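Structural features, examined
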Amino acid sequence: PPTVQFDNVVFGYEPERTILHGLSFEVAAGSRVAIVGPSGAGKSTIGRLLFRFYDPQGGRILIAGQDIARVRQDSLREQIGIVPQDSVLFNDTLGYNIAYGRDGASDEDVLQAAEDAAILPFIRKLPDGFDTEVGERGLKLSGGEKQRVAIARTLLKNPPILLFDEATSALDSRTEQDILSTMQRVSRDRTTLAIAHRLSTIADADEILVLNEGRLEEQGRHTELLQRG
Ligand code: ADP
Ligand code: ADP
């Protein structure tokens with residue numbers, strides 16, 4: 001997998017208000033870096049810049065040493081799989097939801113992705129439950145199960161880079177623990193950036209970056225940061 005580097009990145013959505021003030025960090029190939037910080041710190045902005053929804057006003061973002069400003073948008077987005085906080089699902093089969101927009105994926109690939117995201121046991125459920133017309137109830141997907149569908153859809157793209165953007169923030173803590181272990185498993189052998197606002201959710205990260213008002217306040221491993229308070 002490739003490295004991801006932010007090199008002195010300066011960015012603001014509006015000219016008079018800088019959000020990221022010369023941000024630099026590196027995610028080594030195949031490692032897992034977490035970015036934590038309070039709401040408004042600029043965490044999600046990092047993901048948006050990586051996906052090139054916006055371009056920085058200063059500095060560079062590099063994937064495998066290459067400035068992403070020089071990479072074609074489609075090939076850039078092929079490399080990055082995003083798992084967002086809330087994914088909107090269609091009230092259709094899980095297979096349909098997983099494969100949506102992934103033209104050319106075989107049934108076998110879809111099943112494999114479902115297995116990797118640990119959703120095979122409830123593959124027959126529908127996101128909003130079965131039609132009341134049919135008369136079946138109680139098969140509605142839970143929030144955690146929906147997140148597994150989102151993970152499977154991302155895995156189907158087989159991206160070398162994964163971006164989890166507050167992927168467990170909407171879940172209760174027990175569901176979160178279940179999903180975290182799946183996330184950890186699927187991020188093995190991929191370069192991973194996990195954005196979160198709770199330190200507990202990213203204990204397994206190789207490195208944690210603490211972002212505050214667009215600046216790196218601290219960085220280190222989970223235990224080091226806890227010792228420092
Ligand atoms: P975090 O993910 O850490 O909560 P964000 O990256 O979403 O923070 O936002 C950082 C700052 O940028 C916040 O002050 C937010 O209000 C501002 N911001 C985010 N999106 C936009 C936008 N589209 N236009 C203007 N300001 C924005
Ligand atoms: P695609 O569906 O184009 O193959 P993805 O499945 O990676 O690509 O993402 C689906 C689309 O959803 C992206 O193109 C992007 O526009 C949007 N998207 C996904 N995650 C986020 C996010 N965290 N923030 C903003 N937009 C997102």
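Under the annotation held in an unreviewed UniProt entry, the chain carries the name ATP-binding cassette domain-containing protein and is attributed to Parerythrobacter jejuensis.

Here we come to the pairing of strand β10 (residues 215-220). As defined by bridge partners, strand β9 (residues 207-212) adjoins β10 across five bridges and the pair is classed as antiparallel. Note on β10: the bridge partner recorded for L209 is Q219.

Around ligand 1, the surrounding shell holds 14 residues, and the nearest of these are R17, G40, K43, S44 and T45. One nitrogen or oxygen atom from the side chain of K43 is found 2.8 Å from an oxygen atom belonging to ligand 1. A distance of 2.8 Å separates an oxygen atom of ligand 1 from a polar atom in the backbone of S44. Counted by class, the shell around ligand 1 contains five nonpolar, five polar and four charged residues.

With that settled, consider the packing of helix α4 (residues 107-116) against helix α5 (residues 143-156). Close contact between α4 and α5 brings their axes to 8 Å; oriented N to C, the two are set at 130 degrees. With respect to α5, the axis of α4 lies oblique. Of the two possible hands of crossing, α4 and α5 adopt the one that is right-handed. Where α4 approaches α5, its residues D109, V110, A113, A114 and D116 are matched on the opposing element by A152, L155 and L156. A breakdown of the residues in the contact of α4 with α5 according to their chemical character gives six nonpolar, no polar and two charged.

Definitions and cut-offs
Residues numbered from 1 in each chain as written. Chains lettered and ligands numbered in written order. Predicted model: local features only at pLDDT ≥ 70, side-chain atom pairs only at ≥ 80, totals over all residues. Heavy atoms only, no water. Pairing = 2+ DSSP bridges. Helix = DSSP H or I, 4+ residues; strand = E, 2+ residues; numbered from the N terminus. Near = heavy atom within 4 Å. Polar contact = N/O pair within 3.5 Å; in protein donor to acceptor, adjacent residues only side chain to side chain. Nonpolar A, V, L, I, M, F, W, Y, C, P; charged D, E, K, R; others polar. Axes fitted to C-alpha atoms, helices over the stretch in contact; angles between N-to-C directions. Parallel < 35°, antiparallel > 145°, perpendicular 65-115°, else oblique. Left-handed = near helix turned anticlockwise from the far one by under 90°. Contact = heavy atoms within 4.5 Å.

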